[in-house]
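Geometric and topological summary
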Amino acid sequence: MDYKTSGVDIEAGYRSVELMKKYVKETMRPEVLGGLGGFSGAFSLAKIKEMEEPVLLSGTDGCGTKVKLAMVMDKHDTIGIDAVAMCVNDIVCQGAKPLIFLDYIALSRLVPQKVAMIVKGVSEGCRQAGCALIGGETAEMPGFYADDDYDMAGFAVGVAKKNKIINGSGIKEGDRLVGLRSSGVHSNGYSLVRKLFPPVKEDLEGFDAELGESPAQALLRPTRIYVKTILSLIEKHPIKGIAHITGGGFIENIPRILPEGLAAKIDRSSYEIPALFKALQRRSGISDEKMYNTFNMGIGMVLCLDGAEEEKALETLRSLNEEPVRLGEVVRGRGVIL
């Protein structure tokens, strides 16, 4: 018996690296030193040294059980975008520019073409975020995962000037809340989604009149990456706080940026709830509050800014091809008022 007969194919690993190289190359930045295949990734800090009090900000996350839908549909070229988005969207909330990304893929059996498609998605996410994919790990773990199952996660590092970090400390009563639209469910709430849309390929790929597309199209649409929009916005306008609407929805994420004694008052009539979320609520029968505590409800980012800055910021966002929403305001209280 050798390593291959025990379930680990080293040669398949080599083939995977060769297949993914062309995608990784698309993410390279001038600061990257060396190529793919070393024991670690190297990134020059020469330009960062020129910054005044540079601070590194980092984030790590995965795609949750959305990966299960990718496996059922045998579609693996977008789930990597989700992994990148979940990390870089977190760090840009504090005004950081993403620099590097690393991925981790664990699977029962290494199929080079499948891994290459996953990494293709990771590379596309890095390209959208402007960061370099400088390394990663593909772990073949037979007996740990079921046949053809896999999971993935990522890790991102960005940089910001210390005096430019966005932390919500300056938020006050009367400040305005602006929403940036999501592309769909993004990468949270899929344990419930899979109960409402069971992961059966034949059912997921059929047209659904309520959604206006197939469930597979709606549910596998990648998480939006907001990095370039937000970095462009904060160059022109003083944004006080940014909340990434992930697990916990509005209810848990918006209060994370609010000082003690303040609440977010949300005007739910300010935008049309996308059809997918209406379908999820109809199928589940859960309350409005639970929907806003589970899903992003069509808003992936919430920005907080002074009222005097709101109209100018909205104009900038529209010039960036966004459809911003005047979502509400900051009031005295606690949590989120719907």
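Preceding this paragraph is the structure being described.
Residues numbered from 1 in each chain as written. Predicted model: local features only at pLDDT ≥ 70, side-chain atom pairs only at ≥ 80, totals over all residues. Heavy atoms only, no water.

**Some remarks on helix α12 (residues 307–319)**
In plain terms, the rule: Exposure categories follow from relative accessible area, calculated using a 1.4 Å probe and restricted to protein chains: below 20% of the type maximum is buried, above 50% is exposed, and the middle band is partly exposed. Helix and strand labels come from DSSP, where a helix needs a run of H or I of at least four residues and a strand needs a run of E of at least two; each type is numbered from the N terminus. Throughout, a residue-residue contact means that at least one pair of heavy atoms, one from each residue, lies within 4.5 Å. Polar contacts, as used here, are pairs of N or O atoms within 3.5 Å; protein pairs need one atom able to donate a hydrogen and one able to accept it. Residues neighboring in sequence count only if both atoms are side-chain atoms.
Taken together, the buried positions of α12 are E309, E310, A313, L314, T316 and L317. In the core, the buried residues of α12 are packed alongside β7 (176–181), α8 (227–236), β10 (299–305) and β11 (325–332). One side-chain oxygen of the residue at the start of α12 lies 2.8 Å from the amide nitrogen of A308, identifying that residue as D306. Just beyond α12, the residue with positive phi is N321, at close to 70 degrees.

**Remarks on the pattern of salt bridges**
For clarity, the cut-off: The rule for a salt bridge is simple: a side-chain nitrogen of Lys or Arg has to be within 4 Å of a carboxyl oxygen of Asp or Glu.
Tallying each qualifying case throughout the model produces 24 salt bridges. Across the pair K66 and D82 runs a salt bridge whose closest N-O atoms are separated by 2.9 Å. In this pair, K66 is assigned in helix α2 (residues 66–73) and D82 in helix α3 (residues 79–92), connecting sequence segments 16 residues apart. Each of the two residues, K66 as well as D82, counts as buried. A salt bridge links D208 to R283; the nearest nitrogen and oxygen atoms lie 3.6 Å apart. Here D208 is found in the loop between α6 (201–204) and α7 (215–220), whereas its partner R283 is found in helix α10 (residues 275–284), with 75 residues between them in sequence.

**Brief notes about the packing of α3 against α8**
The line we're drawing: Only the stretch in contact is used when a helix axis is fitted, and all axes are lines through C-alpha atoms; the angle between N-to-C directions ranges over 0 to 180 degrees. Each angle receives one of four descriptions, namely roughly parallel if under 35 degrees, roughly antiparallel if over 145, roughly perpendicular if within 65 to 115, and oblique otherwise. For this classification, the nonpolar set comprises Ala, Val, Leu, Ile, Met, Phe, Trp, Tyr, Cys and Pro, the charged set comprises Asp, Glu, Lys and Arg, and every other residue, Gly included, is treated as polar.
α8 packs onto α3 with a crossing angle of 10 degrees between their chain directions and a minimal axis gap of 10 Å. The angle between α3 and α8 places the two elements in the roughly parallel class. Of the residues in α8, those touching α3 at V88, N89 and V92 are V227, I230 and L231. Its residues placed into classes, the contact of α3 with α8 shows five nonpolar, one polar and no charged.

**With respect to the packing of aromatic side chains**
Stated precisely, the cut-off is as follows: Here a pair means two rings of Phe, Tyr or Trp (six-membered ring of Trp) with centres within 6.5 Å. Their orientation is stacked below 30 degrees between planes, edge-to-face above 60, and tilted elsewhere. We count a charge as sitting over a ring when the NZ of a lysine or the CZ of an arginine lies within 6 Å of the ring centre and within 35 degrees of the ring normal.
With the rule as written, the count across this model stands at three aromatic pairs. Seen from their ring centres, F144 and Y145 are 5.3 Å apart, and the 65 degrees between their planes marks the pair as edge-to-face. Lying across the ring of F197, R283 places its NZ or CZ 3.9 Å from the centre.

**A closer look at the sheet that holds strand β5 (residues 132–140)**
Applied cut-off: Strand pairing is assigned whenever DSSP detects at least two bridges linking the two strands.
The strand order across the open sheet built from four strands is β3-β6-β4-β5, with neighbouring strands paired in mixed fashion. If you trace the sheet from one side to the other, it starts and ends with β3 (54–62) and β5, each paired once. Each strand axis lies, on average, 15 degrees off the axis of its neighbour in the sheet, ignoring direction. Looking at chain direction, strand β4 (residues 97–107) and β5 are connected through eight bridges and run parallel. Residue I105 lies in a different strand from β5, and its bridge partner there is T138. Along the sheet face, α3 touches β3, β4 and β6 (150–161) and points at about 30 degrees away from the line of β6.

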